[in-house]
Amino acid sequence: DKNTNKTSEKEQCNKYEEDEVDRLIIRSSQEEKVNFEAAEAQAKSYSDKIKSQAKLFDILSSQSEIDHPLCDECAGLLLDFLDQELEAAEVDCRTYSAFLDNFDKDNDEDIEKLQAELEKLKTEEENLQKQLKDGEKERENLLKERELQKQEALRLDQEEEKFMLEYHSLEKRKIEFENEDRSVDYQMIYAQVQIEKLKRTNIFNSAFHIWHRGHFGTINNFRLGRLPTVPVDWNEINAAWGQTALLLHCLAKKIGFTFSRYRLVPFGSYSFIEPLSDKSRQLTLFCNGGIRYLWNSKFDLAMVAFLDCLQQFKEEVEKHDSGFSLPYKMTKGKIEDSSGSGGSYSIKTQFNSEERWTKALKFMLTNLKWALAWVSSKCLDSD
């Protein structure tokens, strides 16, 4: 039992020692923790102070041209400078105080004037406010009027554009009418020139050109007659007789003369003369040629009748113009050359040579040309 008790006591002592050691360890740990926290708090407080001082120095540096912190010597110089500024500020303060004292004395005298002026300004302000309101209303009215004017201007622009289109269209038509009128004027001038030219033109000379080609008399380039050495085609001779009959017919018609014994019937290459005493009979002014033409009495009688008609025309002209005469005398189918050889030439083909017949026809065309010239001159005189 004693051994058991000793063992238990020993165990309790060991346990107590262990507990004490644990408590000491815990207490030591707690003290170290407290000391650490205190040291940490002290370090943090010191750091905060340093940060605060740095911020303060930054603020001071930003408020002046001096960088903080300062050394003792610089701080002394700064204090001396600040003392000088303080003295200057106190001088300024005394000056301002004196000025305020004087201002307060004068201010009482000017308050009534200022109040009166203030009332006046208030009244003027009210008037200006009223004028401003009126101006605003007038501005609104003017804006409305301006909008109306814009619409009116737009409408006028559209009308102006429409008017300009119509104007240009009318201007174009005017130019076209002027060009047309000018063209008509030019046509009138050209027509007048042509009329004057036509007035001076001898229509008979233009339509019936009588000339000569060697031994032949010609009318419109058709030869009248034939020679043994120049056998002119009978178609050409018949065409020449047709032109000759047409010319004499036109000349008689121009002066209003009607033949008394014969009637000329111009019919181209187949013209003929109709005796008034026997209208059923036709004296042909054309021939087919051959040996039979030597015995063609109608052809000879037609040429004699034509010469008689030319003689009647001459006598009619002499009634109106005593000075008129033909270069060759015509009697009973013969033509006399009074100015030349003095012989007479028959217009018939029977019992006649081709040379003499051709010469008689040439003299007959010459007389006809003189008659044509007289009628042309009278036409010009009458015009």
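A quick note: this is a predicted structure, and the numbers were derived from the prediction, not measured.

A.B. asks: Tell me about unusual backbone geometry, and name the residues and values.
C.D. replies: Phi is positive for asparagine 221, close to 70°, though the residue is something other than glycine. In this fold, asparagine 221 is placed in the loop between β2 (216-219) and β3 (222-224). Asparagine 221 sits in the exposed class, given a relative accessible area of 54%. A positive phi angle, near 50°, is found at lysine 332, a position not held by glycine. Given the relative accessible area of 85%, lysine 332 is considered exposed.

A.B. asks: Could you give an account of the pairing of strand β5 (residues 272-275), with specific residues and numbers?
C.D. replies: The two faces of β5 match: Phe272 and Glu274 on one face and Ile273 and Pro275 on the other face are all buried. Bridge analysis of strand β4 (residues 262-265) against β5 gives 4 bridges, and the strand direction is antiparallel. Its bridge partner lying in β5, valine 265 is registered against phenylalanine 272. The antiparallel pairing of β4 with β5 creates a hairpin that spans 6 residues between the two strands, and glycine 268 there sits at a positive phi of about 65°.

A.B. asks: Give a description of the pattern of salt bridges that names residues and reports values.
C.D. replies: Under the criterion given, the structure shown has 9 salt bridges. Here glutamate 236 makes a salt bridge to arginine 223, at a shortest N to O gap of 3.1 Å. Of the two residues, glutamate 236 sits in helix α4 (residues 234-254) while arginine 223 sits in strand β3, which places them 13 residues apart along the sequence. Taking the shortest distance from any N to any O, the salt bridge between glutamate 316 and lysine 319 comes out at 3.7 Å. Here lysine 319 and glutamate 316 lie together in helix α5 (residues 297-320), a separation of 3 residues that amounts to about one turn. Look at lysine 319 and you get exposed, because its relative accessible area is 66%. Each of Glu152, Arg155 and Glu159 takes part in one network of salt bridges that share partners.

A.B. asks: Please provide a residue-by-residue account of the side chain of glutamate 316, values included.
C.D. replies: Overall, the relative accessible area of 18% leaves glutamate 316 in the buried class. If we ignore the near neighbours within four places in the chain, the residues touching glutamate 316 are Ile255 and Phe257.

A.B. asks: Can you explain the packing of aromatic side chains? Please cite residues and give values.
C.D. replies: Summed over all chains, the structure comprises 10 aromatic pairs. Aromatic pair tyrosine 345 and phenylalanine 363: ring centres 5.6 Å apart, planes at 75°, arrangement edge-to-face. With a gap of 18 residues between them, tyrosine 345 in strand β9 (residues 344-346) and phenylalanine 363 in helix α6 (residues 354-382) connect regions that are remote in the sequence. Taking relative accessible area as the criterion, phenylalanine 363 reaches 8% and is therefore assigned buried. Looking at arginine 223, its charged tip hangs above the ring of phenylalanine 216, at a distance of 5.8 Å from the centre.

A.B. asks: How would you sum up the sheet that holds β9? Please name residues and give values.
C.D. replies: With respect to topology, 3 strands assemble into an open sheet ordered β7-β8-β9, the strand pairing being antiparallel. A single partner strand is all that each edge strand has here, and the edge strands are β7 (329-331) and β9. Averaged over all neighbouring strand pairs, the angle between strand axes comes to 25°, with direction disregarded. Inspection of the sheet shows β7 paired to strand β8 (residues 334-336) by 3 bridges, in the antiparallel sense. Each residue of the ladder has a partner; that of lysine 329, found in β8, is glutamate 336.

A.B. asks: Kindly report on a nonpolar patch on the surface, identifying the contributing residues and their values.
C.D. replies: Together, Leu79, Phe81 and Leu82 give the surface a local cluster of nonpolar side chains, amounting to about 290 Å² of exposed area. Position of leucine 79 relative to the elements: it lies in helix α2 (residues 72-200). Residue class for leucine 79 comes out exposed when judged on its relative accessible area of 51%.

A.B. asks: Would you mind going over the nonpolar core in detail, with residue names and values included?
C.D. replies: In terms of nonpolar packing, the biggest core is built from 53 residues, with Trp241, Leu247, Leu248, Leu251, Phe306, Phe313 and Met364 touching the most fellow members. At the level of elements, β2, α4, α5 and α6 are the ones that each hand at least two residues to this core. Residue contacts for leucine 247: discarding those within four places in its chain leaves Phe204, Phe208, Ile210, Ile219, Leu368 and Leu372.

A.B. asks: Pulling in residues and values, what's your account of the sheet that holds β2?
C.D. replies: Across the sheet, 3 strands lie side by side as β1-β2-β3; this open sheet has antiparallel pairing. Looking along the sheet, the strands with just one partner apiece sit at the ends: β1 (210-213) and β3. The average undirected angle you get between the axes of adjacent strands in this sheet is 40°. Of the strand pairs in this sheet, β2 and β3 are connected by 3 bridges, and their pairing is antiparallel.

A.B. asks: Hey, could you go over a positive patch on the surface for me, with residue numbers and the actual values?
C.D. replies: Side chains of Lys334, Lys348, Arg356 and Lys359 sit close together on the surface and give a patch of like positive charge. For lysine 334, the position within the fold is in strand β8. Lysine 334 sits in the partly exposed class, given a relative accessible area of 41%.

Conventions we followed
Residues numbered from 1 in each chain as written. Predicted model: local features only at pLDDT ≥ 70, side-chain atom pairs only at ≥ 80, totals over all residues. Heavy atoms only, no water. Helix = DSSP H or I, 4+ residues; strand = E, 2+ residues; numbered from the N terminus. Buried < 20%, exposed > 50% of the residue type's maximum accessible area, 1.4 Å probe, protein only. Pairing = 2+ DSSP bridges. Salt bridge = Lys/Arg side-chain N within 4 Å of Asp/Glu carboxyl O. Contact = heavy atoms within 4.5 Å. Phe/Tyr/Trp six-rings, centres within 6.5 Å; stacked < 30°, edge-to-face > 60°. Lys NZ or Arg CZ within 6 Å of the ring centre and 35° of its normal. Axes fitted to C-alpha atoms, helices over the stretch in contact; angles between N-to-C directions. Patch = residues over 30% accessible without salt bridge, like charges linked within 9 Å, V, L, I, M, F, W, Y side chains within 5 Å. Areas by Shrake-Rupley, 256 points an atom, 1.4 Å probe, with all protein chains shown as cover. Core = buried A, V, L, I, M, F, W, Y, C linked by side-chain atoms within 4.5 Å. Lys, Arg positive; Asp, Glu negative; His and termini not counted. Charge placed at Lys NZ, Arg CZ, Asp CG, Glu CD.

Shape is all these values report; function is a separate question.
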